[in-house]
Amino acid sequence: MLRLFFSKIYSLLNALLAAIGLLAVAALTTPDLTERASLILEIVLFGVWAAYLLQLFATMVLHRATGVRDRSAVVADVLAVIVPAAAFLFVGSRDWSLFCAVWLLQPLRGSMFFRLMARVLTNEARNLVGVTTIFGIVLFAAALAAYLTERDVQPDKFGSIPLAMWWAVVTLSTTGYGDEIPQSLAGRTLAGLVMMSGIGIFALWAGILATAFYEEVRRQDFVRNWQQVAAVPLFQKLGSAALIEIVRALRPRVVPAGTVICRKGEAGDQMYFIVEGRVSVATSSPVELGSGSFFGEMALITGEPRSATVSAITEVSLLSLFSVDFQMLSSSSPEIAEIIRKTALERRGAIPHG
Ligand code: CMP
């Protein structure tokens, strides 16, 4: 957890460094900059470059020490140092600073999101190529039709297929700059058709990417949940079909130390399994529960309010199960449901009434 925290801070600082460098690059392109301001901005760029040089050394040392290879990090670090250095040495004017734009790659370094994106693109490559081909076909056909319908009316804009291609791209992508407008009725009808095709093609692209993205996230969640469920001894009794059902039903959650997870007297619609960490149950003589235990089952079974307040002693990794899913568990794995019911009865017996 601590490692995760530091890696997040590190990524944030890295992105901040890239942002400072890129702002300096942008500022250097403004006209009428004084000599002094340019010098300050160039010093900022050198500072950022030096930080990336240090980072490259650190990455190399870390790789050698741990044996873990993160190719995206190495590529981003090498480019961040080599490209600006080569530009400074070989590009004469102040334009060398433009090559620092390679720092745009820094936020991608080790990013889970971009790895996910890369997997989505790889998985859906065939479908995306298919839609891109349709785009190409429609684009050419639209340019050809526009050439035929408009060449005599506006020869300067539609006098050849390459000229008409610009209109086709702008219309098909539904951007519509309005710099080229068909004048004839046939041309305008064509424009309407091309716009509608464009909407359909972009909807297809968006649909493919959104579905693939959702499925990839679900698959990752499933794998993570599976690992967590396997860590709870109670579920080791389950057959594979019931295990898949429960993995889908359980929702992982991490709560920091000191958090009140459920409060006495509140209504309860879910129970919790502890994957890692410890909680304290505030009964008359407080009870501690650790990895593999569960709590919150009493309200679920009896429908009564929570019998005690439960808080996290350490950071706790939990899996929560809602009452509807508990019913599902009761029918698919009566054995486990029975253990939970029995435990609830025993705990109820331990609570003084009155
Ligand atoms: P619930 O009543 O839903 O919410 C509070 C939870 O604390 C309760 O379910 C039990 O899971 C747990 N609990 C209550 N009493 C005890 C006890 N004596 N020992 C262990 N856990 C308890």
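Report follows, based on the coordinates. What you are looking at is a predicted structure, and each value in this text was computed from that prediction instead of being measured.

1. Some remarks on the sheet that holds strand β3 (residues 270-276)
Taken together, four strands build an open sheet; the order of strands is β1-β8-β3-β6 and the sheet is antiparallel. Strand pairing shows two members of the sheet lacking a second neighbour, β1 (251-255) and β6 (294-295), which therefore form its edges. Of the strand pairs in this sheet, β1 and strand β8 (residues 316-322) are connected by five bridges, and their pairing is antiparallel. Each residue of the ladder has a partner; that of Val255, found in β8, is Val316. Strands in contact with helix α8 (residues 185-230) are β1, β3 and β8; relative to β8, the strand with the most contacts, it is inclined by about 100 degrees. Against the sheet, helix α11 (residues 323-332) contacts β1, β3 and β8, and its axis sits at roughly 80 degrees relative to β8.

2. As for the packing of helix α5 (residues 125-150) against helix α7 (residues 161-172)
Close contact between α5 and α7 brings their axes to 8 Å; oriented N to C, the two are set at 125 degrees. Relative to α7, the element α5 is oriented oblique. The crossing of α5 and α7 is right-handed. Here Phe135, Val138, Leu139, Phe140, Ala142, Ala143, Leu144, Ala146 and Tyr147 of α5 lie close against α7, whose contacting residues are Ile161, Ala164, Met165, Trp167, Ala168, Val169 and Leu172. In terms of residue class, the contact of α5 with α7 is made up of 16 nonpolar, no polar and no charged.

3. Describing the packing of helix α4 (residues 112-123) against α8
The N-to-C vectors of α4 and α8 enclose an angle of 120 degrees; their axes lie 9 Å apart at closest approach. With respect to each other, α4 and α8 are oriented oblique. Considering the relative orientation of α4 and α8, their crossing is right-handed. For the pair α4 and α8, contact is made by Phe113, Leu116, Met117, Arg119, Val120, Leu121 and Asn123 and by Leu209, Ala212, Phe213, Glu216, Val217, Arg219 and Gln220, respectively. Across the contact of α4 with α8, the residue classes break down as nine nonpolar, two polar and three charged.

About the criteria used
- Residues numbered from 1 in each chain as written.
- Predicted model: local features only at pLDDT ≥ 70, side-chain atom pairs only at ≥ 80, totals over all residues.
- Heavy atoms only, no water.
- Pairing = 2+ DSSP bridges.
- Helix = DSSP H or I, 4+ residues; strand = E, 2+ residues; numbered from the N terminus.
- Contact = heavy atoms within 4.5 Å.
- Axes fitted to C-alpha atoms, helices over the stretch in contact; angles between N-to-C directions.
- Parallel < 35°, antiparallel > 145°, perpendicular 65-115°, else oblique.
- Left-handed = near helix turned anticlockwise from the far one by under 90°.
- Nonpolar A, V, L, I, M, F, W, Y, C, P; charged D, E, K, R; others polar.

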